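Chains, contacts and geometry: an overview
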Amino acid sequence: MIGGMSRIVRTMTTLIFGFILVYGFYVIAHGHISPGGGFQGGAIVASAFALLLVTYGTDQIQSYLSKDLLSILESTGLVLFITFAFLGLGATFFYNFVSNSGGLFGSPTTIGVNPGDLNTGGTIALMNMAVGLEVLAALGVIVLTMSVAAETIQKKEKQ
Amino acid sequence: MKKPVFFIAFIFFLAFMVLAAIGMRPFGEPSISNMDDYFIENAQAETAANNVVTTIVFDYRGFDTLGEGTVLFTAVVGIVALFREVAK
């Protein structure tokens, strides 16, 4: 995987990569309306990272995907999630204090079958985003670390 | 010496499974449905989200999601610690 793959695969990856990212972030952002959510969308975004890693090889990718940055993002996601849980502590832990309050993500939804409004859900939408950030960063760190380690072992065995 | 014991245990296990299969209620009919009905009727009004599954996972049973996030975080910490010498 040192030099990456052929020109055809690289061209297709550069074409598809953005669409996979957009789809992953769409699944994260619409977690409280449509099927999906933070975990699923984060896994889709991480699969885009894995595709990039397989296509371009570990050496070229390390200037785009920083392991330290992804690690910080992962911790930020989990801390945000726990913070949203703690903010509802006026009633209980994990209380949905934003829903039906009128502010951001706070408008009430129509009861029954409806097309869905993005500005609903309260802490559910915010927690979806936090968990999505955590999952995409966590899976990215796993893929990146293991590929760098495999690369290093291969180089050591060749010497 | 051991084989009859295993055979008898197998017979008991098989009888238990057959009895459980006979006594099973039809698919999609839980024995106690109070909680399901409550979620289906009140989730949209209480949390203002359309997706009832996400409502349960992130609101009513948020501790489960907190545990999942912690498990993922621990897995990443383990992998980074495992490869820290190699990936240096």
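Here's a quick rundown of the structure. (Residues numbered from 1 in each chain as written. Chains lettered and ligands numbered in written order. Predicted model: local features only at pLDDT ≥ 70, side-chain atom pairs only at ≥ 80, totals over all residues. Heavy atoms only, no water.)

Describing the overall build of chain B
Per the secondary structure count, chain B includes four helices and zero strands. From first element to last, N terminus to C terminus, chain B shows the α and β order α-α-α-α. Computed over C-alpha atoms, the radius of gyration of chain B comes to 23 Å, more than 25% over the 12 Å expected from 2.2 N^0.38 for 88 residues, which places it beyond the range of a compact globule. If you line up chain B on its principal axes, its C-alpha atoms span 55 × 55 × 15 Å. Looking at chain B as a whole, 23% of its 88 residues qualify as buried. Only carbon and sulfur atoms are counted for the fraction: they give 73% of the accessible area of chain B, which is about 6,700 Å². (Helix = DSSP H or I, 4+ residues; strand = E, 2+ residues; numbered from the N terminus. Rg over C-alpha atoms; globule rule 2.2 N^0.38 Å. Buried < 20%, exposed > 50% of the residue type's maximum accessible area, 1.4 Å probe, protein only. Areas by Shrake-Rupley, 256 points an atom, 1.4 Å probe, with all protein chains shown as cover.)

Thoughts on the side chain of B:Thr55
Looking at the secondary structure, you find B:Thr55 in helix α3 (residues 52-60). Note on B:Thr55: relative accessible area 0%, which makes it buried.

Structural notes on the nonpolar core
Within the largest apolar cluster, 38 residues are counted, with the highest numbers of intra-cluster contacts made by A:Phe49, A:Phe81 and A:Met127. Looking at this core, the elements with two or more residues in it are α1 (7-29), α2 (38-61), α3 (67-87) and α4 (123-158) of chain A together with α4 (62-82) of chain B. When residues of this core are assigned to their parent elements, the largest contribution, 14 residues, is made by α4(A). Ignoring any residue separated from it by four or fewer positions in sequence, one finds A:Phe49 in contact with A:Phe17, A:Leu21, A:Leu65, A:Leu70, A:Leu136 and A:Gly140. (Core = buried A, V, L, I, M, F, W, Y, C linked by side-chain atoms within 4.5 Å. Contact = heavy atoms within 4.5 Å.)

Let's talk about the packing of aromatic side chains
Per the counting criterion, the structure on display carries nine aromatic pairs over all chains. Ring centres of A:Phe81 and B:Phe58 lie 6.5 Å apart, and the angle between their planes is 80°; this geometry places the pair in the edge-to-face category. With one member in each of two chains, A:Phe81 in helix α3 and B:Phe58 in helix α3 form a pair that bridges those chains. Taken individually, A:Phe81 and B:Phe58 each receive the classification buried, so the pair is uniform in this respect. A ring pair is formed by B:Phe39 and B:Tyr60, whose centres lie 4.6 Å apart and whose planes are at 45°; its orientation type is tilted. Residue B:Phe39 is located in helix α2 (residues 34-47), and its partner B:Tyr60 is located in helix α3; the two are separated by 21 residues in the primary sequence. On the accessibility criterion, B:Phe39 (14% relative accessible area) is buried. On the basis of relative accessibility, which here comes to 27%, the residue B:Tyr60 falls in the partly exposed class. Members of the aromatic cluster, each reached through a chain of ring pairs, are A:Phe81, A:Phe86, A:Phe93, A:Phe94, B:Phe58 and B:Phe63. (Phe/Tyr/Trp six-rings, centres within 6.5 Å; stacked < 30°, edge-to-face > 60°.)

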